[in-house]
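Inside the fold
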Amino acid sequence: MAEVQPFPFATLDELKARWPDFPVGAEKYAETLLEDGSQFILDVCPSAANASEATRRRVLCAVVKRRMDAEQSDLAGLASASTTTGPFAESVTPANPDGDFFLKKSERRSLGEGQQKAFGVKIADAGCVDHRPWCSLAFGAAYCSCGADLTLEGPLWEA
């Protein structure tokens, strides 16, 4: 894979600009995560190499912020939380308990993953097949209406 520039996709100042509550004293750690996150994005979503610099920067900052949030706060990134007052029950389910890097579906799409493309494949050569005179091919169409392309011997049905 060709080198993607810039690497990492974002600088520490760009991360701080997108995160007003950036943790004090975490600059060196954040720089390491920016490098690791950039490589993670390329590994998981190779089409990111073709995405714009601004898109890669935005996604990387979100990925690193999620990772650092999961490590900093007990309440950040919860999938669900419930509290019962009766016999004192509390339940908390973290969305990212290990603080791993991950891409949301919308981020993957913005990086170019999952975009559908149509294509066609010719599976047989119908050049030697005998078509009926009223077949659409005789009138300049790009498709066979007599069915000879399906059987590769002659018309599928007679009129």
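Quick look at the structure, then. As the structure is a prediction and not an experimental result, all values here were calculated from the model.

Rules and cut-offs
- Residues numbered from 1 in each chain as written.
- Predicted model: local features only at pLDDT ≥ 70, side-chain atom pairs only at ≥ 80, totals over all residues.
- Heavy atoms only, no water.
- Salt bridge = Lys/Arg side-chain N within 4 Å of Asp/Glu carboxyl O.
- Helix = DSSP H or I, 4+ residues; strand = E, 2+ residues; numbered from the N terminus.
- Buried < 20%, exposed > 50% of the residue type's maximum accessible area, 1.4 Å probe, protein only.
- Patch = residues over 30% accessible without salt bridge, like charges linked within 9 Å, V, L, I, M, F, W, Y side chains within 5 Å.
- Areas by Shrake-Rupley, 256 points an atom, 1.4 Å probe, with all protein chains shown as cover.
- Lys, Arg positive; Asp, Glu negative; His and termini not counted.
- Charge placed at Lys NZ, Arg CZ, Asp CG, Glu CD.
- Phe/Tyr/Trp six-rings, centres within 6.5 Å; stacked < 30°, edge-to-face > 60°.
- Lys NZ or Arg CZ within 6 Å of the ring centre and 35° of its normal.
- Core = buried A, V, L, I, M, F, W, Y, C linked by side-chain atoms within 4.5 Å.
- Contact = heavy atoms within 4.5 Å.
- Expected span 1.5 Å × (residues − 1).

The next subject is the pattern of salt bridges. By the definition in use, this model includes five salt bridges. Among the salt bridges present, the one from Glu14 reaches Arg57, with a minimum N-O distance of 3.2 Å. Linking Glu14 in helix H1 (residues 12-18) with Arg57 in helix H3 (residues 53-72), this pair joins segments that are 43 residues apart in sequence.

Now for the environment of Phe7. Mapped onto the fold, Phe7 is located in the segment before H1. Look at Phe7 and you get partly exposed, because its relative accessible area is 34%. Put simply, Phe7 and Ser38 are 31 residues apart on the chain and 7.1 Å apart in space, counted from C-alpha to C-alpha.

Let's shift gears to a negative patch on the surface. The grouping of Asp13, Glu31, Glu35 and Asp36 at the surface amounts to a negative patch. With three residues, the top contributor of residues to the negative patch is helix H2 (residues 27-44). For Asp13, the location among the structural elements is in helix H1.

Scanning the model with the defined rule gives three aromatic pairs in all. Each ring, one from Trp19 and one from Phe22, has its centre 5.5 Å from the other, and the planes form 85°; the classification is edge-to-face. Take Trp19 and Phe22: they sit in the same class, and that class is buried. Lying across the ring of Phe9, Arg56 places its NZ or CZ 5.1 Å from the centre. The side chain of Arg66 reaches across the aromatic face of Phe102, ending 4.5 Å from its centre.

On to the nonpolar core. Formed by 26 residues in total, the largest nonpolar core has its most connected members in Leu15, Phe22, Ile41, Met68, Leu103 and Leu111. Elements that contribute at least two residues to this core include exactly H1, H2 and H3. Setting aside chain neighbours within four positions, we find Ile41 in contact with Phe9, Pro46, Ala48, Val59, Leu60, Leu103 and Leu111. If you look at the next biggest cluster of nonpolar residues, it comprises five residues, including Val129, Cys135, Cys146 and Ala148.

Let us look at H2. An α-helix turns once every 3.6 residues. As a result, residues three or four positions apart point the same way. In a regular helix each residue adds 1.5 Å, so 18 residues correspond to 26 Å; H2 covers 25 Å between its end C-alpha atoms and thus fits that length. Here H2 has its buried residues at Ala30, Leu33, Leu34, Gly37, Ser38, Phe40, Ile41 and Leu42. Buried-residue contacts for H2 involve H1 and H3.

Mapping Arg56 onto the fold places it in helix H3. Despite its burial, Arg56 remains without a salt bridge, the nearest opposite charge being carried by Glu53 at 4.9 Å. With residues near it in sequence (within four places) discarded, Arg56 still touches Val4, Gln5, Pro6, Phe9, Ala48, Ala49, Ala51 and Leu111.

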